[in-house]
Amino acid sequence: MAWTVSKEWEPENVFDILGSEVAREILALASLKPLSATELAEHCGVSEPTIYRRIHALQEYDMLDEQLELDDEGHHYKRFRTSLKEARFQVDEGQFDIDIQLKKDYSDKFTDFWNDLEKGAKEASNDTNTNSRHRDSSSSDLSGG
């Protein structure tokens, strides 16, 4: 398992996120096993919109990973797992310093890389289709006028 270390996050942002009891519960529960938002909401005793707000904040700072899974009926759903390994705060010369360590293994990195490639290919395809439609409509506008 490889670890990535980042010091680019502002301590205030990390304090805000980890200051939420629900966010801390999500991290603790999702460190045991991947859970869906519904399961997290049930365990935390809060609404799914609250869970999704916390999930979004945790994902924004790479503290929570998302896994897409397929059920027996072929439906896709998401499960979340903790990627935060350690957060250390230090006070030095009147400032807070933060060191975040994330858990990432090489299969996760490959999956992320592959998903980014697929996303880029879809966006490129959509851009091509949008540009083609735009050119077609421009052509018809010119020929009609």
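See the structure printed just above.
Since we're looking at a predicted model, the values are computed, not measured.

### What about the overall build of the chain?
- Each helix and strand in the chain was counted, giving five helices and five strands.
- Mapped in sequence order, the helices and strands of the chain form the string β-α-α-α-α-β-β-β-β-α.
- Residues classed as buried in the chain amount to 28% of the 145 residues present.
- Across the chain, contacts joining residues at least 24 apart in sequence account for 52% of those joining residues at least 6 apart.
- Counting every atom, the chain has about 10100 Å² of accessible surface; 48% of that belongs to carbon and sulfur.

### Looking at the packing of helix α2 (residues 21-32) against helix α3 (residues 37-44)
- Look at α2 against α3: their axes get within 10 Å of each other, and the N-to-C directions meet at 115 degrees. Considering only the axes of α2 and α3, their crossing is right-handed. Contact residues: α2 offers Glu-25, Ile-26 and Leu-29, while α3 offers Leu-40, His-43 and Cys-44.
- Grouping the amino acids of the contact of α2 with α3 by side-chain chemistry returns four nonpolar, one polar and one charged.

### Comments concerning the pairing of strand β2 (residues 64-70)
- Where β2 and strand β3 (residues 76-82) come together, seven bridges link them in antiparallel fashion. From the neighbouring strand, Leu-64 faces β3, where its bridge partner is Thr-82.

### A closer look at a nonpolar patch on the surface
- A surface patch of nonpolar side chains, about 370 Å² in accessible area, is lined by Phe-15, Phe-89, Val-91 and Phe-96.
- Tracing the backbone through its elements, the reader meets Phe-15 in helix α1 (residues 11-18).
- The class of Phe-15 is partly exposed, set by a relative accessible area of 32%.

### Details of the pattern of salt bridges
- Counted by the stated rule, this structure contains three salt bridges.
- Ionic pairing is found between Glu-66 and Lys-78, a salt bridge with its closest N-O pair at 3.7 Å. With Glu-66 in strand β2 and Lys-78 in strand β3, this residue pair connects regions lying 12 residues apart in the sequence.
- Linking Glu-69 and Arg-79 is a salt bridge whose minimum nitrogen-to-oxygen distance equals 3.3 Å. Of this pair, Glu-69 sits in strand β2 while Arg-79 sits in strand β3, placing them 10 residues apart in sequence.
- When salt bridges that share partners are traced, they join Glu-39, Glu-69 and Arg-79 into one network.

Reading the values: the criteria
- What you see as residue numbers is a count from 1 along each chain, following the sequence as written.
- Local features in this predicted model are restricted to residues whose pLDDT is 70 or higher, and side-chain atom pairs enter the listing and the counts only when it is 80 or higher, whereas totals over whole chains, interfaces and linings include all residues.
- Side-chain numbers come from the whole structure's heavy atoms, not from hydrogens or water.
- Counting from the N terminus, the helices are the DSSP runs of H or I reaching at least four residues and the strands are the DSSP runs of E reaching at least two.
- Type-normalised accessible area, obtained with a 1.4 Å probe on protein chains alone, sets the label of each residue: buried when under 20%, exposed when over 50%, and partly exposed for intermediate values.
- What makes two residues a contact is simply this: any of their non-hydrogen atoms within 4.5 Å.
- Note on areas: these come from Shrake-Rupley sampling with a 1.4 Å probe, and a residue is covered only by the protein chains present in the view.
- Axes here mean lines fitted to C-alpha atoms, for a helix over just the part in contact, with angles spanning 0 to 180 degrees between N-to-C directions.
- The hand of a helix crossing depends on one turn: near helix anticlockwise from the far one by less than a right angle means left-handed, and clockwise means right-handed.
- Each residue gets one of three labels, nonpolar for Ala, Val, Leu, Ile, Met, Phe, Trp, Tyr, Cys and Pro, charged for Asp, Glu, Lys and Arg, and polar for the others, Gly among them.
- Any two strands between which DSSP finds at least two bridges are classified as paired.
- Each patch is built from residues that are more than 30% exposed by relative accessible area and take part in no salt bridge. Like charges join if they lie within 9 Å; nonpolar side chains (Val, Leu, Ile, Met, Phe, Trp, Tyr) join within 5 Å.
- One speaks of a salt bridge when a side-chain nitrogen belonging to Lys or Arg is within 4 Å of a carboxyl oxygen belonging to Asp or Glu.

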